[in-house]
Amino acid sequence: MVHVSTLAAALTIAVATVTTASAQNAARNYPDRPIRIIVTFPPGGPTDIIARAVGQKLAESWGQPVVIDNRAGAGGRTRAVNRAPACGM
């Protein structure tokens, strides 16, 4: 019985190692396209300024362009987020 449990433990470790390596490879390549941040207030306001500062840091960190998309209307309650095409991120 000791041999069977040792084999099962070794197999579990091998599967975990392969899975972790795959996840690290996928994470290394994420994100792989430009990021769009939708701000539901007009440009030039405090929300826009903060979003641009965060977007700049994210672009530096991720190596991908970050686009700030201002969609003002209805006091920040806009349907732009609901109508945005699904990108899978």
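Residues numbered from 1 in each chain as written. Predicted model: local features only at pLDDT ≥ 70, side-chain atom pairs only at ≥ 80, totals over all residues. Heavy atoms only, no water.

It is worth spelling out the environment of tyrosine 30 at this point. Inspection of the secondary structure puts tyrosine 30 in the loop between helix H1 (2-28) and strand E1 (35-39). Note: C-alpha distance between tyrosine 30 and tryptophan 62 (32 residues apart in sequence) is 7.9 Å. (Helix = DSSP H or I, 4+ residues; strand = E, 2+ residues; numbered from the N terminus.)

What follows is about the pairing of strand E2 (residues 66-70). As paired strands, E1 and E2 are joined by five bridges and run parallel to one another. By the bridge assignment, arginine 36 is partnered in E2 with valine 67. (Pairing = 2+ DSSP bridges.)

Bringing the nonpolar core into the picture now. Grouped together as the largest cluster of nonpolar side chains are five residues: Ile35, Val39, Ala51, Val66 and Ile68. If you list the elements that add at least two residues to this core, you get E1 and E2. Leaving out residues up to four positions away in the same chain, valine 39 has contacts with Thr47, Asp48, Ala51, Ile68, Asp69, Asn70 and Arg71. (Core = buried A, V, L, I, M, F, W, Y, C linked by side-chain atoms within 4.5 Å. Buried < 20%, exposed > 50% of the residue type's maximum accessible area, 1.4 Å probe, protein only. Contact = heavy atoms within 4.5 Å.)

For the rest of this paragraph, the subject is helix H2 (residues 46-62). Taking 1.5 Å of rise per residue, the 17 residues of H2 would be expected to cover 24 Å, and the 24 Å separating its terminal C-alpha atoms lies within 8% of that figure. Within the sequence span of H2, burial applies to Asp48, Ala51 and Gly55. Viewed along the axis of H2, the buried residues span an arc of 60 degrees, placing them on a single side of the element. Exposed side of H2, more than 90 degrees from the buried face: Pro46, Ile49, Ile50, Lys57, Glu60 and Ser61 are the residues found there. Turning to H2, the residues buried within the fold contact E1 and E2. Backbone geometry just after H2 places glycine 63 at a positive phi near 70 degrees. (Expected span 1.5 Å × (residues − 1). Arc of directions from axis to C-beta.)

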